[in-house]
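Structural description and commentary
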Amino acid sequence: MLCSSEALLQKNQALTDTWDRYVASPSFENFVELAISINSFTEFLIDKGIAALHHASHQLEQVTLTLFTQEVEHPLPQAAQDDLNERVRALARLTQARAHSSLDTLPRDPVFIAPQNMRSARAWLIGHQQASWSELLTQLGYFGMSTEFVSWDQPVADSADAAPLLLLDLSGLPASEWHERIQTLRQRFGMGQLIALEVASDFDQLQLALKSGCDSCLLTGTPSHAVVEHIMQLNECHDQEAYRVLIVEDSKTASHFIHRTLAEIQINAHIVNDPRETLHALKQFNPDLILMDMYMPSCTGVEVARIIRQHSEFLSIPIVYLSGETNVALQVDAMRLGGDHFLTKPFNPVFLNTIVKSKIERYRALRRSMYHDSLTGLLNHASGKHTLDVVLSGIVHEGGFLSAVMLDIDHFKQVNDRYGHPVGDQVIRSLSWLLKQRLRKHDMICRYGGEEFLIGLPHTDAEQALAIMERIRHDFSQIHHPHGDSHFLATISVGIATYPLVQTGDALIKAADQALYQAKHDGRNRVCSSDD
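Read on for a plain summary of the structure. Remember, predicted model here, so these are calculated numbers, not experimental data. (Residues numbered from 1 in each chain as written. Predicted model: local features only at pLDDT ≥ 70, side-chain atom pairs only at ≥ 80, totals over all residues. Heavy atoms only, no water.)

Observations concerning the overall build of the protein chain
Short version of the rule: Put simply, DSSP marks the helices as runs of H or I at least four residues long and the strands as runs of E at least two long, and each gets a number from the N terminus on. All accessibility values rest on the Shrake-Rupley procedure with a 1.4 Å probe; residue burial counts only the protein chains present in the view. In this charge count, Lys and Arg are treated as positive and Asp and Glu as negative; neither His nor the chain ends contribute. Lys charges are placed at NZ, Arg charges at CZ, Asp charges at CG and Glu charges at CD.
The number of helices and strands found in the protein chain is 18 helices and 17 strands. The principal-axis extents of the C-alpha atoms in the protein chain amount to approximately 80 × 60 × 45 Å. Put simply, the protein chain shows about 25,600 Å² of open surface, and 52% of that area lies on carbon and sulfur atoms. For the protein chain, the distance from the average site of its 44 positive side-chain charges to the average site of its 64 negative ones is 2 Å.

Structure follows, in structure tokens:
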């Protein structure tokens, strides 16, 4: 996988090359390619959180789209070409400077390795008094972040992390100084995250902090555990599968143009030129969205959409119609009969990409809410059991080990009774964060129910699973859970069962649960294996 700086340089080089092609051959087709490339680069900056370059790229995109919508012949007027050229070259210079400064700060012998599920491993808290933030810094340390306090009166050292986390305590700092101070930090740490702390619930202050370069703000009085939760959620890497789009379009020229447009923003697409093949393609390709031509020789897009909606598994997939139809009444009827959006041909490819991405993001968010636990974001009971079966089938086919783990929080009812359910929820979230930070990306983590968790560790034998879970058990027992002006500790008990000694998914869960019962019987705060 490319590091952020290498990927940044490659994306910008692709944009520059596209501009050079337009200059050499200033056709409308090459201008379309330019617009798509600029949009792709802007989306990349948004996705990676590179705010320092986003402004310049966004302005370039806006200028390009304005020219796109006007009745402009090609080549563009010289003044417009000169303006675009200066913007493209300026963006390239900013990108080079940002990428090289990030590469220069990378350590040759890193002493701290970031947990693989985190975007940033280092955090600086810039404030006035370290004592008031000691609890927050300690809490972040439990979840794998290396933290350091820096006074506003001290210069912030260069970061060994290309994308550090900067927490800015703005209380006591005159608002007149915010813009310069925040903007200076943003310019130095363009790939980092800037979070403002202790900001009043005031429109002008929030606008000033965000406009100056902060990525988010936390209001005055936000408790430490809520700050930690915000940071952990921002820091999670969601390396999700590439978006998938099914293109149902009888015109091979049009379908390949759409395919190329989507590929620019890393969306996988599959083309169906014969609408009668749509159902088969849906089952094989499993798309997140369907782009449907409105009028095809053998049938209409509405007819295909209605056929698709007869299948319960495809009821929620977004369908976006593509058509030269401008009759609003017909468009409304088309959407009533199974569609979700209407794009009129000829369409702006950048607008197409934006519509597709936004629709897919909402579709995946809906699916995620169905399969994931709302409190922790982990798989829920049903999807966890199903995923364990899927992982096990792969292990059976490949050969090797699979360890299933059942764990729960000791005396959790007493936590709820003594401190209240909101505090109990926070303890559950803390355990889920710890599991996500300590385990691998391909490990399966599920909130099985209440304070119980189910974990699947592929290619991990019983001895290895025991060592992993023993470390997690110890680390969780050290976390200080805040309550009022004090704190309390909590522990977990763990049971492990391993394939091939146990053969099925249900049997693994049952054996791990029996080992968990044994751990509790033996005194809690311990790990037991069914092999013992």
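Some remarks on helix H6 (residues 175-188)
The condition that has to hold: The span expected for a helix works out to 1.5 Å for each residue beyond the first. The rule is simple: take the accessible area with a 1.4 Å probe, protein chains only, and divide by the maximum for that residue type; under 20% is buried, over 50% is exposed, in between is partly exposed. The directions from the helix axis to the C-beta atoms form the arc being described.
For H6, spanning 14 residues, the distance from its first C-alpha to its last is 21 Å, which sits close to the expected 20 Å at 1.5 Å a residue. Taken together, the buried positions of H6 are occupied by Trp 178, Ile 182, Leu 185 and Arg 186. Projected onto a plane normal to the axis of H6, the buried residues spread over an arc of 100° and lie on a single side. Projecting away from the buried face of H6 at angles above 90 degrees are the exposed residues Ser 176, Glu 180 and Gln 187.

Here's the deal with the sheet that holds strand E17 (residues 527-529)
Rules: For two strands to be treated as a pair, DSSP must find no fewer than two bridges joining them. Fitted lines through C-alpha atoms give the axes, limited to the stretch in contact for helices. The angle between two N-to-C directions lies from 0 to 180 degrees.
Taken in spatial order, the 5 strands of this open sheet run E12-E13-E11-E16-E17, and their pairing is mixed. The open sheet has two edge strands, strand E12 (444-449) and E17, and neither has a second partner. Pairs of neighbouring strands in the sheet enclose a mean axial angle of 20°, with direction left out of account. The sheet contact formed by strand E11 (residues 402-409) and strand E16 (residues 492-499) spans 8 bridges and is antiparallel.

Looking at helix H5 (residues 134-142)
Turning to H5, its buried residues are Leu 136, Leu 137, Gln 139, Leu 140 and Tyr 142. One or two positions beyond H5, positive phi appears at Gly 144, with a value near 90°.

Points about the packing of H6 against helix H7 (residues 203-212)
We count it as follows: For this classification, under 35 degrees means roughly parallel, over 145 means roughly antiparallel, 65 to 115 means roughly perpendicular, and everything else is oblique. Each crossing gets its hand from how the near helix is turned against the far one by less than a right angle, where anticlockwise is left-handed and clockwise is right-handed. Contacts: residue pairs with any heavy atoms within 4.5 Å of one another.
Direction vectors running N to C along H6 and H7 enclose 25°, while the axes themselves pass 8 Å from each other. Here H6 is positioned roughly parallel relative to H7, judged by the angle of their axes. Judged by the sense of rotation from one axis to the other, the crossing of H6 with H7 is right-handed. Contacts from Ala 175, Trp 178, His 179, Ile 182, Gln 183 and Arg 186 in H6 reach Gln 205, Leu 208, Ala 209 and Ser 212 in H7.

Here we look at the sheet that holds strand E3 (residues 165-169)
Read from one edge to the other, the open sheet built from 5 strands follows the order E2-E1-E3-E4-E5, with strand pairing classed as parallel. Looking along the sheet, the strands with just one partner apiece sit at the ends: strand E2 (146-151) and strand E5 (216-219). Averaged over all pairs of adjacent strands, the angle between their axes in this sheet comes to 20°, without regard to strand direction. When strand E1 (residues 122-127) meets E3, the two strands line up parallel, connected through 4 bridges. Bridge pairing in E3 links Leu 125 to Leu 167. Strands in contact with H6 are E1, E3 and strand E4 (193-199); relative to E4, the strand with the most contacts, it is inclined by about 155°.

Some remarks on unusual backbone geometry
Of note, the amide linkage connecting His 74 to Pro 75 takes the cis form, showing an omega dihedral of 10°. Residues Tyr 499 and Pro 500 are joined by a peptide bond in cis, for which omega reads 20°. For His 459, which is not glycine, the phi dihedral falls at a positive 55°. Along the chain, His 459 falls in the loop between strand E13 (452-458) and helix H17 (462-477). Its identity is not glycine, yet Arg 524 carries a phi of approximately 70°, on the positive side.

Some thoughts on the pairing of E13
The element E13 is largely enclosed, with a buried count of 6 among its 7 residues. Pairing of E11 with E13 involves 7 bridges; the strand directions are antiparallel. Its bridge partner lying in E13, Ala 404 is registered against Gly 456. Pairing of E12 with E13, which is carried by 5 bridges, proceeds in the antiparallel orientation. Bridge pairing links Met 444 to Gly 456 in E13. The hairpin formed by E12 and E13 contains 2 residues between the paired strands, and Gly 450 there has a positive phi angle of roughly 60°.

Focus: the nonpolar core
Within soluble globular proteins, side chains that are nonpolar generally end up buried alongside one another. Put simply, the rule reads: Throughout, nonpolar core names a set of buried Ala, Val, Leu, Ile, Met, Phe, Trp, Tyr and Cys residues whose side chains join them through atoms within 4.5 Å.
Membership of the largest hydrophobic core comes to 50 residues, with the highest contact counts inside it found for Leu 136, Leu 167, Leu 197, Leu 407, Leu 435, Ile 455 and Met 469. Top element by residues in this core is helix H16 (residues 421-438). It accounts for 7 residues. Apart from the residues within four sequence positions on either side, Leu 197 is in contact with Leu 125, Trp 133, Leu 136, Leu 167, Leu 168, Asp 169, Leu 170, Ser 171, Leu 218 and Val 227. Formed by 28 residues, the second largest nonpolar core is a distinct cluster that contains Leu 8, Phe 31, Leu 84 and Leu 91.

Focus on the environment of Ser 486
By secondary structure assignment, the location of Ser 486 is in strand E15 (residues 486-488). On the accessibility criterion, Ser 486 (43% relative accessible area) is partly exposed.

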